[in-house]
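For reference, the chains in residue letters:
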Amino acid sequence: MRVFRIIGRSITSSFKSIFRNFSLSMASITCTVITLLLVSIGILLSYNINNITKDIENELTIVILMDKEVTEEEIKETEDIIKNIDNIDTVVFNSKDEIKDHLASQSDTYLKIVESWGEDENPLQDSFVVTVENIKDINETATTLRNLDYVDVVRYGETMVNKLINTFDGIKNGTIVLVVALILVTTFLIGNTIKITIHARKNEIDIMRLVGTSNTVVKMPFIIEGFLLGAIGSILPILITILGYSYLYDHMDSVGMSNILNVIRLAPPNTIVYHTSLILFVSGSVIGMFGSVRAVRRYLTI
Amino acid sequence: MEFIEIQDCTKVYKNGVTALSDVNLSIKKGDFVFVIGHTASGKSTLIKLLYREEKPTKGKVFVGGVDVAKLRNSKVYKLRRKVGIVFQDFKLLPKLTVYENVAYPLASYGMKTSEIRPLVLAALEQVGLKDKTRSFPDQLSGGEQQRVCIARAIVNKPRLLICDEPTGNLDPETSKEIMDLINRINKELGTTVVMATHAKDIVNRMKKRVIVMKEGLIEGDHLKGGYKVNESV
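Every value quoted in this text rests on a predicted model; they were computed, and no experiment measured them.

All names here are of chain B. Spatially, four strands are ordered β2-β1-β4-β5 in an open sheet, and the strand pairing comes out antiparallel. Of all strands in the sheet, those bounded by a partner on one side alone are β2 (18-27) and β5 (66-67). Both strand β4 (residues 58-63) and β5 contribute to a ladder of two bridges, which runs antiparallel. Paired with Phe62 across the bridge in β5 is Asp67.

Written as structure tokens, this is what we have:
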């Protein structure tokens with residue numbers, strides 16, 4: 001019972017103290033809001049960049065052109081072999097007749113060319129279009145494919161792909177560094193602001209100690225206060241994240257941006273927005289709590 | 001062993017100043033003792049040893065049979081709950097009312113609100129501030145603030161009341177009232193009182209035990225003393 005009374009009183013006193021030290025509380029909250037907003041932007045940015053790179057990666061395909069005199073059995077055999085190669089994700093076969101029909105339906109010019117061929121004449125080649133699971137190993141996969149029997153040519157835009165892989169890696173690492181740096185900055189800023197607010201109350205802590213308050217009880221209201229300041233400070237960034245991101249997502253769609261730049265499209269807001277909010281809330285309140293404890297501990301000396 | 005025993009205590013501060021050298025002192029339960037001396041005579045340090053604001057560099061400090069010098073920082077509160085402290089600068093929490101200030105220690109021990117109330121009102125009655133419970137410290141005079149501080153010090157019915165220059169910031173008339181109050185607490189509640197002070201006339205008038213400190217040593221210990229001419233403090 002005693003413990004509950006002490007906790008209850010700590011909660012009351014932390015609420016009182018937030019209002020009684022209003023300007024300092026506002027300073028802490030403002031600082032939390034700004035830094036958490038940066039963290040939110042960092043997280044969303046890195047998530048989207050990852051998403052876009054993943055999209056681009058998924059659209060990368062390897063085209064395998066088969067030898068001209070390949071038989072249907074040989075094609076079947078090759079398809080089975082390809083499907084069993086590690087790192088192959090999907091395999092789609094296009095026969096040369098299908099390609100011919102497809103070509104003919106594309107435009108009049110193509111149609112004329114196709115009609116100029118004889119009835120059984122088809123200079124095109126049977127082909128497979130495959131996608132890979134891990135784009136980093138695309139070179140090895142292409143080499144494996146190239147060494148298969150009945151395979152004539154393997155194409156996947158090597159130089160472009162290699163450049164893309166390097167760029168994506170760079171961007172991914174960059175965004176991770178950005179988010180980590182932002183979280184560190186947040187910790188530092190929030191911790192420091194709370195330190196200042198607590199320093200202003202060193203006297204209070206001394207008096208508590210002098211009248212026989214145990215260290216735990218001295219610390220408790222400050223811990224709760226730190227938690228509250230961090231939690232309150234995370235509300236606005238969370239709202240901005242949820243509403244702002246959804247707005248941006250809808251807006252970009254309606255303007256037709258996503259049609260023009262098909263690749264650069266925002267990830268749908270449903271899950272990511274809530275995950276980000278959770279991260280913001282947890283980091284705000286936890287950093288607030290620990291910042292508080294660290295700052296108070298320093299003054300538990302008299 | 002007496003209620004307070006200070007044995008061979010030496011205190012050297014980090015900056016090399018020796019505040020106490022080999023001090024021995026014992027104080028009986030229920031006594032009223034003045035500690036007087038010049039500034040930097042060591043009287044303040046002596047007082048601070050009793051509630052463990054300072055630890056002796058060497059020696060033992062027993063309060064109620066417990067060696068206070070050995071108390072860990074996190075256990076000091078156990079001592080402070082048995083000791084009431086009255087400060088020169090009152091040390092009231094500025095954002096709490098008179099009632100809340102006096103109730104604060106009890107509330108922080110986790111006592112029930114229904115138990116706290118009569119104790120606080122009794123303490124405020126004792127110091128004559130029962131009608132000021134809702135005031136904030138900055139709405140009170142110096143004398144009244146010191147009364148609040150005393151009420152807070154005695155609210156837990158401590159066995160020892162330590163006063164560090166309680167009248168240092170007060171005018172003579174108010175000082176006299178405060179001294180009468182502390183004297184009454186000593187007599188009526190049997191609380192042991194140890195008081196560091198500069199106030200010559202008070203010490204001379206009250207005829208209590210007087211310990212004279214000089215340069216970190218006990219220079220005189222008079223049972224019904226006062227300031228002597230040769231101790232021009």
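So much for the structure itself; the text now carries on.
Moving on, we come to the packing of helix α2 (residues 22-59) of chain A against helix α7 (residues 158-199) of chain A. Residue and element names in this part refer to chain A. It is at 9 Å that the axes of α2 and α7 come closest, and there the two elements cross at 170°. Between α2 and α7, the crossing angle belongs to the class labelled roughly antiparallel. Its residues placed into classes, the contact of α2 with α7 shows 22 nonpolar, eleven polar and one charged.

Here the focus is unusual backbone geometry. Residue and element names in this part refer to chain B. A positive phi angle, close to 50°, is found at Asp22, a residue other than glycine. By the element assignment, Asp22 lies in strand β2. The exposure class of Asp22 is partly exposed, given the 13 C-beta atoms found within 10 Å. Unlike most non-glycine residues, Lys207 shows phi in positive territory, near 50°. You can see Lys207 is positioned in the loop between α7 (200-206) and β9 (209-214).

Turning to the nonpolar core, a few remarks are in order. With 80 residues, the main nonpolar core has Val35, Leu50, Val102, Ile150, Ala151, Leu161 and Ile162 of chain B as its most contacted residues. If sequence neighbours within four positions are ignored, Leu161 of chain B has contacts with Gly84, Val86, Ala153, Ile154, Ile185, Thr191, Thr192 and Val193 of chain B. Counting eleven residues, the second-largest nonpolar core is a separate cluster that includes Ile62, Ile64, Phe128 and Leu145 of chain A.

Moving on: the pairing of β2 of chain B. Residues and elements named next belong to chain B. Two strands pair when backbone bridges link them, and strand β1 (residues 4-12) and β2 are joined in this way by six bridges, in the antiparallel orientation. The partner of Ile4 across the bridge, within β2, is Ile27. Adjacent in sequence and paired antiparallel, β1 and β2 are bridged by five residues, among which Gly16 carries a positive phi angle near 95°.

On to the packing of helix α4 (residues 96-106) of chain A against helix α5 (residues 108-116) of chain A, then. All names here are of chain A. α5 packs onto α4 with a crossing angle of 135° between their chain directions and a minimal axis gap of 5 Å. The angle between α4 and α5 places the two elements in the oblique class. Contacts from Lys100, Leu103, Ala104 and Gln106 of α4 reach α5 at Tyr110, Leu111 and Val114. Tallied by class, residues from the contact of α4 with α5 come to five nonpolar, one polar and one charged.

About the thresholds
- Residues numbered from 1 in each chain as written.
- Chains lettered and ligands numbered in written order.
- Predicted model: local features only at pLDDT ≥ 70, side-chain atom pairs only at ≥ 80, totals over all residues.
- Pairing = 2+ DSSP bridges.
- Helix = DSSP H or I, 4+ residues; strand = E, 2+ residues; numbered from the N terminus.
- Axes fitted to C-alpha atoms, helices over the stretch in contact; angles between N-to-C directions.
- Parallel < 35°, antiparallel > 145°, perpendicular 65-115°, else oblique.
- Nonpolar A, V, L, I, M, F, W, Y, C, P; charged D, E, K, R; others polar.
- Buried ≥ 20, exposed ≤ 12 C-beta atoms within 10 Å, placed from the backbone.
- Core = buried A, V, L, I, M, F, W, Y, C linked by C-beta atoms within 7 Å.
- Contact = placed C-beta atoms within 7 Å.

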